[in-house]
Amino acid sequence: MSVLLDVKDLIVRFYTQEGTVYAVNGVSFELEEGETLGIVGESGSGKSVSSLALMGLIPSPPGKVESGTVMFEGRDLLTLKPDQMRLIRGKEIAMIFQDPMTSLNPVLTIGTQITESLKLHEGMNTSQSRKRAADLLDMVGIPDAYRRLDDYPHQFSGGMRQRVMIAMGLSCNPKLLIADEPTTALDVTIQAQIIELVKQLKDEFNMAMIWITHDLGVVAGIADRIQVMYGGRIMESGSSHEVFGDSRHPYTEGLLGSLPRLDSSGEEKLTQIEGSPPDMRNEPAGCPFAPRCDVREYMNLEKCWDERPPLETVPADGGDGTHVMSCWADIREGVAENV
Amino acid sequence: MSSQVMTAENRKSLDENDVILEVTDLKKHFPISSGIVFQRQVGAVRAVDGISFHVVRGETLGLVGESGCGKSTTGRTILQLYRPTEGSVKFEGQELSTMGGNDLRQMRRRMQIIFQDPFASLNPRMTVGSIVSEPLQIHKIYSNKKERQQYVEQLMEKVGLNPYFINRYPHEFSGGQRQRIGIARALALEPSFIVADEPISALDVSIQAQVVNLMEELQDELNLTYLFIAHDLSMVRHICDRVAVMYLGKIVELGPVDEVYDNPQHPYTQALLSAVPVPDPMVEENRQRIIISGDLPSPANPPTGCNFNTRCPVRFDLCFEEPDPPLIEARPDHYVSCHRVT
Ligand SMILES: Nc1ncnc2c1ncn2[C@@H]1O[C@H](COP(=O)(O)OP(=O)(O)OP(=O)(O)O)[C@@H](O)[C@H]1O
Ligand SMILES: Nc1ncnc2c1ncn2[C@@H]1O[C@H](COP(=O)(O)OP(=O)(O)OP(=O)(O)O)[C@@H](O)[C@H]1O
Ligand code: SF4
Ligand code: SF4
Ligand SMILES: [Mg+2]
Ligand SMILES: [Mg+2]
């Protein structure tokens, strides 16, 4: 496997009337070919902004990518001109969003919207591209696909629109698919349909994928690796077995503890993380989780307030060294039993 | 973090005979009209289409099902915020569906609702103090302003809000805090029954546990009864004693949570539970999913026969014939509406 995407020290801010929003504060990660990375974190933790930044889609103003590199196939995407970037978007990297209605044009038929990109990126003529568009819709499970090319987005249900978005995303065989909460607005039975579909297509197309969600259950089922974000920083990252089965970061632990389980009777009280998510208008000097962290409190770690913990390999980890976290304490070393 | 462990057994001692709410054959249809000058009814959305269940004092009944299946309409019709099209709602022994005016207003003190969206459900121009005390003013409780303020401060403390913030406005609070304001307001009149309509859906994961724990603590302390409407089936298993699964305006399965989750009988419940992702990669790797194809039919035009027959993986001839399957007790206390289950 070789590295497909290499993100380093990404910093993104928004300069708004209410002040500067410190949305992404130094994010670095790698993605291998064919790999699925799940990015989880609460609302406002910087999941969408960091992936929009890789795609050159940060609205500017008010947004600004302050620093960082995004190496994709030997090029730094952050240095490309807008029209070079446009060629990569849709062709090499595709993106699907939570609400398909915001990315589908309501006044154009589905067929027009899919064929447009096929004509642009693949140089197909009208009848070739219509044939291919119908095949794509058929592949994502839209019945009677050829006829439905002439329908408008509002004539499809929410789940079907998301299928259409997936068909459009896959139309040019991208190497990387970024899916930002693609199933959050859908019912669980429809979500299960979409997840099955994406898993199957991912193998067929041999794509790498970034799947953004706040639902830890969803990524447990599809991601090879998990990245947990909080306050615009990566708190912990590792294989899904490492993060779910052997989490080392107080925030990850807290998050997992606060989730009830479908598969066991819920008699214990949920552990709760006290306090509320950070206000992103203040740049935290130290660890963004410090105000809510009971490990910091228990260990009386003053450092957490004013020094940012670096993202480093988890100490004494049996794995291949890719299980990393950013924390001054290692909760397995003596603290966990006492908290 | 609290280390206190409570089990369902020591948490609840329910008296099965103390039925607080009894719903029988409840229907709520919304008319679909056409015509601009002369409106005439051309059909109806059968949002709730004949449901029956009861709730015991002190218990939490969960109401689950996909978007549009009629959960909120059920909650609102019980509270008489919508008047039923047909059927009966008996609360603490009294029939609500025919009750009007002052009697109903008095009754409403005993039944409250908490909404999903803590942002939209609070008046942005009112301070927390006036939001929480509004029900007290409407019902003219506490003519003495000082006493009222003291009571509001007590309520705020009870739901974990600092009374110091009594003069602040909703936008100055986080989502979880706003939901606490909603809960304080619902508790102001000392209700015995609360419809919680997706009270945690809009909240961050780390905040959901705070609100759920608060609701459980208040239930113990005040002997509250909840109808807990939710999408999150894992949370429902955690917080509820029994669960009712709705599909297209009808209850398809009803029973104690552990029983229904461990032995789902209705094909829809089976598919629904199998679709819920579990935050554990080991479990996910070995899971068998029942994927049901297609979308929810329109409640304005439900199928003939069993409502689930357009998507059911195990349907057969009988499922397309009237009458639709009745809700029968398939296992002890466990009710199912399906021709395959007898
Ligand atoms: N266009 C914008 N202008 C100003 N601030 C913005 C803008 N877009 C995002 N932000 C801010 O950047 C921060 C990170 O937002 P982001 O959308 O990445 O969060 P997220 O993790 O995707 O959350 P969610 O789960 O709610 O989608 C937030 O504080 C958000 O308010
Ligand atoms: N006031 C109304 N007028 C007309 N139709 C309505 C009204 N309220 C609800 N409906 C319809 O009744 C059906 C049931 O809606 P309801 O809001 O009860 O569903 P729900 O189960 O609460 O869904 P959700 O999970 O999305 O909140 C839907 O088809 C809805 O469009
Ligand atoms: S660095 Fe300190 S505050 Fe941050 S998670 Fe670790 S212990 Fe807690
Ligand atoms: S009655 Fe028939 S269609 Fe309905 S759930 Fe049972 S088997 Fe399926
Ligand atoms: Mg987002
Ligand atoms: Mg609802």
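Coordinates for the structure precede this section.
Residues numbered from 1 in each chain as written. Chains lettered and ligands numbered in written order. Predicted model: local features only at pLDDT ≥ 70, side-chain atom pairs only at ≥ 80, totals over all residues. Heavy atoms only, no water.

## What to know about the overall build of chain A
Keep this limit in mind: Each helix is a run of DSSP H or I of at least 4 residues and each strand a run of E of at least 2, with the numbering of both proceeding from the N terminus. Just to be clear, the radius of gyration here is over C-alpha atoms, and the globule rule we use is 2.2 Å times residues to the power 0.38. Here the accessible surface of atoms and residues is derived via Shrake-Rupley with a 1.4 Å probe, and residues count as covered only by protein chains that are part of the display.
Secondary structure summary: chain A contains 13 helices and twelve strands in total. Whereas a compact globule of 339 residues would reach a radius of gyration of roughly 20 Å, chain A reaches 21 Å, a difference of no more than 12%. Based on the C-alpha atoms only, the size of chain A along its principal axes is roughly 70 × 50 × 40 Å. By element, 49% of the accessible surface of chain A is carried by carbon and sulfur atoms, the whole surface being about 14100 Å².

## Here's the deal with the packing of aromatic side chains
Which entries qualify depends on this criterion: Ring geometry is summarised as follows: Phe, Tyr and Trp rings, the Trp one being its six-membered ring, pair when their centres sit within 6.5 Å, and such pairs are stacked at plane angles under 30 degrees, edge-to-face over 60 and tilted between the two. Exposure is judged per residue with a 1.4 Å probe applied to protein chains only, and the accessible area is read against the type maximum: over 50% gives exposed, under 20% gives buried, and values in between give partly exposed.
For the structure on display, the rule yields eleven aromatic pairs over all chains. For the pair Phe 165 of chain B and Phe 173 of chain B, a centre-to-centre distance of 6.0 Å together with 80° between the ring planes defines the contact as edge-to-face. In this structure Phe 173 of chain B comes out as buried when scored by relative accessible area, which is 5%. Pairwise contacts between aromatic rings join Tyr 230, Tyr 251 and Phe 289 of chain A into one cluster.

## Side note on the interface of chain A and chain B
To keep it simple, the criterion reads: Pairs of residues are marked as contacts when any of their non-hydrogen atoms sit within 4.5 Å. Put simply, buried area is the surface a 1.4 Å probe can reach on two separate parts but cannot reach once they are joined, added for both. For this analysis, a salt bridge means a side-chain nitrogen from Lys or Arg found within 4 Å of a carboxyl oxygen belonging to Asp or Glu.
Contacts between the two partners involve 45 residues from chain A, matched on the other side by 49 residues from chain B. In total, chain A and chain B occlude about 4200 Å² of area from one another, counting both sides; carbon and sulfur atoms represent 59% of this. Of all residues in chain A, Leu 262, Glu 267 and Lys 269 of chain A give up the largest surface area on contact with chain B, accounting jointly for 19% of the area buried on that side. Linking chain A with chain B are two salt bridges. Close ionic contact of Arg 261 of chain A with Asp 280 of chain B constitutes a salt bridge, the shortest N to O distance being 3.4 Å.

## Thoughts on the layout of surface pockets
All names here are of chain B. The condition that has to hold: Every definition here rests on a 1 Å grid over the protein atoms only: cavities are sets of points where a 1.4 Å probe fits but cannot get out, pockets are open sets enclosed by protein on both sides within 12 Å along at least five of seven lines, and lining residues have some atom within 4 Å of a point. Grid points are joined across faces, edges and corners, and a volume is the space filled by probe spheres set on the points. Each residue is assigned to one of three groups, with Ala, Val, Leu, Ile, Met, Phe, Trp, Tyr, Cys and Pro labelled nonpolar, Asp, Glu, Lys and Arg labelled charged, and all others, Gly among them, labelled polar.
Empty space within the second largest pocket amounts to approximately 930 Å³. Among the elements that make up the lining of the second largest pocket, the one with the highest residue count is strand β2 (residues 40-56) (seven residues). Among the residues forming the lining of the second largest pocket, the class breakdown is 17 nonpolar, nine polar and 15 charged.

## Quick word on the site of ligand 4
Just so we agree on the cut-off: Residues are labelled near a given molecule or strand when at least one of their non-hydrogen atoms is within 4 Å of it.
The environment of ligand 4 is made up of 13 residues, and the closest members are Cys 306, Cys 312, Cys 319, Cys 338 and His 339 of chain B. For the shell around ligand 4, the class distribution of residues is eight nonpolar, three polar and two charged.

## Things to note about a nonpolar patch on the surface
Threshold: Patch membership requires more than 30% relative accessible area and the absence of a salt bridge. Residues of like charge join within 9 Å; the nonpolar side chains Val, Leu, Ile, Met, Phe, Trp and Tyr join within 5 Å.
On the surface, a cluster of nonpolar side chains totalling about 450 Å² of accessible area is made up of Ile 36, Val 37 and Phe 38 of chain B. For Ile 36 of chain B, the position within the fold is in the loop between β1 (19-34) and β2.

## Overview of the side chain of Arg 296 of chain A
Condition: Throughout this description, a polar contact denotes any pair of N or O atoms lying within 3.5 Å of each other; where both atoms belong to protein, one of them has to be capable of donating a hydrogen while the other can accept it, and for residues adjacent in sequence the pair is counted only when both atoms sit in side chains.
Along the chain, Arg 296 of chain A turns up in helix α12 (residues 294-299). A distance of 2.8 Å separates a polar atom in the side chain of Arg 296 of chain A from the backbone oxygen of Ala 290 of chain A.

## Structural notes on helix α2 (residues 71-78) of chain B
Residues and elements named next belong to chain B. In terms of residue burial, α2 counts as a mostly covered element, since six of its eight residues are buried. The complete set of buried residues in α2 reads Lys 71, Thr 73, Thr 74, Gly 75, Thr 77 and Ile 78. Note on α2: the residue one or two positions beyond its end, Gln 80, has a positive phi of about 65°.

## Digging into the pairing of strand β6 (residues 111-114) of chain B
Residue and element names in this part refer to chain B. Basically, it comes down to this: Two strands pair under a simple rule: DSSP has to find at least two bridges between them.
Side chains Met 111 and Ile 113 project from β6 onto one buried face, and the interleaved Gln 112 and Ile 114 project onto a second face that is buried too. Bridge count between β6 and strand β7 (residues 193-197): four bridges; the pairing is parallel. Counted as the bridge partner of Ile 113 is Val 195 from β7.

## A short note on unusual backbone geometry
Cis geometry is adopted by the peptide bond preceding Pro 62 of chain A, which originates at Pro 61 of chain A and carries an omega value of 5°. Turning to its location among the elements, Pro 62 of chain A is positioned in the loop between α1 (47-54) and β4 (63-72). Even without glycine at this site, Glu 73 of chain A takes up a positive phi of about 50°. The exposure class assigned to Glu 73 of chain A is partly exposed, which follows from its relative accessible area of 37%. For Gln 80 of chain B, which is not glycine, the phi dihedral falls at a positive 65°.

## Comments concerning the pattern of salt bridges
Applying the stated criterion across every chain yields a total of 33 salt bridges over all chains. Taking the shortest distance from any N to any O, the salt bridge between Asp 246 of chain A and Arg 248 of chain A comes out at 3.2 Å. A relative accessible area of 21% places Asp 246 of chain A in the partly exposed class. The salt bridge partner of Lys 27 of chain B is Glu 86 of chain B, with a shortest N-O separation of 3.9 Å. Taken together, the residues Lys 27 of chain B in strand β1 and Glu 86 of chain B in strand β4 (residues 86-91) connect sequence positions 59 residues apart. Residue classification places Glu 86 of chain B among the partly exposed residues on the basis of a relative accessible area of 46%. Salt bridges sharing common partners tie together Asp 18, Arg 57, Glu 92 and Arg 110 of chain B.

Functional significance is not addressed by these values, which are geometric in nature.
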